[in-house]
Amino acid sequence: MGTEYQLRPYDPERESDRSSLEEICANVYGGGDYLPQKAVSYAKDPACSFLALTNNDIGDASKAEDRDNILAVANYKRLPAQNSAWIEAVRTHPDHRNKGLATTLLRSVVDVSKQENDVHKKKPPTNILTCTVQSNKGMLSALEKVGFAQCNTIITLSWAALKQLPGWTPDCDKESQPLLDALNLKHLVSPTAKAIASSSWCTISTEHELLERLQQCKTEGGCTGYLPGLYEYIVPGPNRVDLKRSMEQGLVLALDVEIEGNIEQAILVFTEDERISSLKSNWVCSIVAHTQLAFEAAVWHAHSLDVARRMQSFQQGEGNNDIMDTENAISALPFCLVFDDAVPLEKGTLAHALPRVTDECVVFSYDHEGSES
């Protein structure tokens, strides 16, 4: 990094840092950027390094804080449970874009990871991951320059399509329907998938078991080995309180059954994402599967009375599932859906018919061997 810039932690107690971040995020996501609200938690999380790239040029400034305004930010989140790290919330001040700052910032963050790896040389290098959308050509170029290569995609439903569903937005008074009902796609779930009993799904109660299941899906079906979330991978750890709470309420489930001589595997997880504000429900349904049948079975079970009961128990703060137990009193809640890119997207199938984003979320991994040290 050149002497004109310096990298330091973002300071939420510092007025100039807060105002700079507000300026940086003002027009992101149409003015609805989650980052200003998340910045404090990022800065205080010991698993994160929320870093700011600042101008180190003294110029005519008489005070350090006047020459130390933020030009760009990024959060480096350590995910030790899977020997990984996630770079997120990369933002550049609108007055300083197209100057290569994203490249400088990313390279600096990678250097932070390498320095930490040098302390633990006996361990394999940290798998540094990040994501962006396919249309973000500037970010794609910066990632390539730094040494990242595309490794996966996270399949996400279209926000525009979801917001058009009756009752799904906060300003609509209509009652919201579950996803398949609202999209009128129940007919695309095969009879075989519908026939899989709820009892075939087992509850995952520990982080270790979840990691084992993810690794099994990777080894046997070519899945990523990670649990997809909204423009992120959800990795067990102290900073994933949402996943821990879902696990405690029985909302982390696995399927492993033999059907017509084939082993069908799927992982189904519900978490609440506080970044969602444009929909009434902030539930996210994450699915890992590598066959169409397993995927359909997961989506179908996500709409089941059993899962709906657990979700409503979660929301009511109950410690059990013994709440209203009739189909008239309880129904599946709406949720956003994300899934692993190992799911086949063949025409005429449910996965293909779902209204997916056209601007794909692409995941990148840092190439330790192919990049310059």
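Computed from a predicted structure; not experimentally measured.

Between two packed helices, both the angle of their axes relative to each other and the distance between the axes serve to describe the pair. Direction vectors running N to C along helix α1 (residues 15–25) and helix α2 (residues 35–44) enclose 140°, while the axes themselves pass 10 Å from each other. Taken as axis vectors, α1 and α2 run oblique relative to one another. In terms of crossing hand, the pair formed by α1 and α2 is right-handed. For the pair α1 and α2, contact is made by L21, E22 and C25 and by L35, P36 and A39, respectively. Here the residues of the contact of α1 with α2 sort into five nonpolar, no polar and one charged.

Inspection of α2 places L35, P36, K38, A39 and Y42 among the buried residues, and these make up the whole buried set. With its buried residues spanning 145° around the axis, α2 presents them on a single face. In α2, the exposed positions angled more than 90 degrees off the buried face are occupied by Q37 and K44. Next to the buried residues of α2 lie α1, β2 (48–55), β3 (70–79) and β4 (84–92).

Moving on to the nonpolar core. Formed by 59 residues in total, the largest nonpolar core has its most connected members in W201, F270, I287, F295 and L337. No other element matches the seven residues that helix α10 (residues 292–302) contributes to this core. In this view, F295 contacts I287, A289, L337, F339, V343, L350, A351 and L354; residues no more than four positions away in its chain are not counted. Counting residues in hydrophobic clusters, the runner-up holds 26 residues, among them Y5, Y76, I87 and V112.

This brings us to the packing of aromatic side chains. By the definition in use, this model includes ten aromatic pairs. Through pairs of rings, three or more aromatic residues link up here, namely F270, W283, F314 and F335. It is R275 that lies over the ring of Y34; its NZ or CZ is 5.4 Å from the centre.

Two elements in contact, helix α3 (residues 101–119) and helix α4 (residues 137–146), have axes whose closest approach is 9 Å; the angle formed by their N-to-C orientations is 45°. Compared by their axis directions, α3 and α4 come out oblique. Crossing geometry of α3 relative to α4 is assigned as right-handed. Residues A102, T103, L106, R107 and V110 of α3 touch α4, and the partners they reach there are M139, A142, L143, K145 and V146. Of the residues contributing to the contact of α3 with α4, the split by class is seven nonpolar, one polar and two charged.

The backbone of N98 shows a phi angle near 65°, a positive value even though the residue is not glycine. With phi around 55°, Y231 is a residue other than glycine that occupies positive phi space. Relative to the assigned elements, Y231 resides in the loop between β8 (227–229) and β9 (232–234). Take Y231: its relative accessible area is 26%, and that puts it in the partly exposed class.

What follows deals with the layout of surface pockets. Taken as a whole, the largest pocket encloses approximately 1,400 Å³ of empty space. What lines the largest pocket is a set of 42 residues, among which V28, Y29, V90, R91 and N136 lie closest to the centre. Broken down by secondary-structure element, the contributors of at least two residues to the lining of the largest pocket are β4, α3, β5 (127–133), α4 and α5 (159–163). At seven residues, the largest contribution of residues to the lining of the largest pocket is made by β4. Grouping the constituent residues of the lining of the largest pocket by class yields 17 nonpolar, 16 polar and nine charged. Empty space within the second largest pocket amounts to approximately 520 Å³. Forming the boundary of the second largest pocket are 23 residues, of which K38, N239, R240, D242 and E274 lie nearest the centre. At the level of elements, α2, β9, α9 (241–248) and β11 (262–272) are the ones that each hand at least two residues to the lining of the second largest pocket. The element contributing the most residues to the lining of the second largest pocket is α9, with four residues.

On to empty space enclosed by the protein. With the rule as written, the count across this model stands at one cavity of 30 Å³ or more. Counted as a void, the largest cavity has a volume near 40 Å³. Lining the largest cavity are R213, Q216, C217, A254, L255, D256, Q265, A266 and I267. Secondary-structure elements contributing two or more residues to the lining of the largest cavity are α8 (207–221), β10 (252–259) and β11. A per-class count over the lining of the largest cavity returns five nonpolar, two polar and two charged.

Sheet strands pair by backbone hydrogen bonding; their relative direction is either parallel or antiparallel. An order of β1-β2-β3-β4-β5-β14-β6-β13-β12-β11-β10-β7 is seen for the twelve strands of this open sheet, with the pairing classed as mixed. With partners counted over all chains shown, the strands left at the sheet margins are β1 (5–9) and β7 (201–203), one partner each. Adjacent strand axes in the sheet meet at a mean angle of 25° when their direction is disregarded. Taken together, the five bridges between β5 and strand β14 (residues 361–366) define a ladder with antiparallel strand orientation. Note that in β14 the partner of C131 across the bridge is V363. Docked against the sheet, α10 engages β7, β10, β11, β12 (283–289) and β13 (336–340), running at close to 40° with respect to β11.

Cut-offs used in this document
- Residues numbered from 1 in each chain as written.
- Predicted model: local features only at pLDDT ≥ 70, side-chain atom pairs only at ≥ 80, totals over all residues.
- Heavy atoms only, no water.
- Axes fitted to C-alpha atoms, helices over the stretch in contact; angles between N-to-C directions.
- Helix = DSSP H or I, 4+ residues; strand = E, 2+ residues; numbered from the N terminus.
- Parallel < 35°, antiparallel > 145°, perpendicular 65-115°, else oblique.
- Left-handed = near helix turned anticlockwise from the far one by under 90°.
- Contact = heavy atoms within 4.5 Å.
- Nonpolar A, V, L, I, M, F, W, Y, C, P; charged D, E, K, R; others polar.
- Buried < 20%, exposed > 50% of the residue type's maximum accessible area, 1.4 Å probe, protein only.
- Arc of directions from axis to C-beta.
- Core = buried A, V, L, I, M, F, W, Y, C linked by side-chain atoms within 4.5 Å.
- Phe/Tyr/Trp six-rings, centres within 6.5 Å; stacked < 30°, edge-to-face > 60°.
- Lys NZ or Arg CZ within 6 Å of the ring centre and 35° of its normal.
- 1 Å grid on protein atoms, 1.4 Å probe; cavity = no way out; pocket = protein on both sides within 12 Å on 5 of 7 lines; lining within 4 Å.
- Points joined across faces, edges and corners; volume = space filled by probe spheres on them.
- Pairing = 2+ DSSP bridges.

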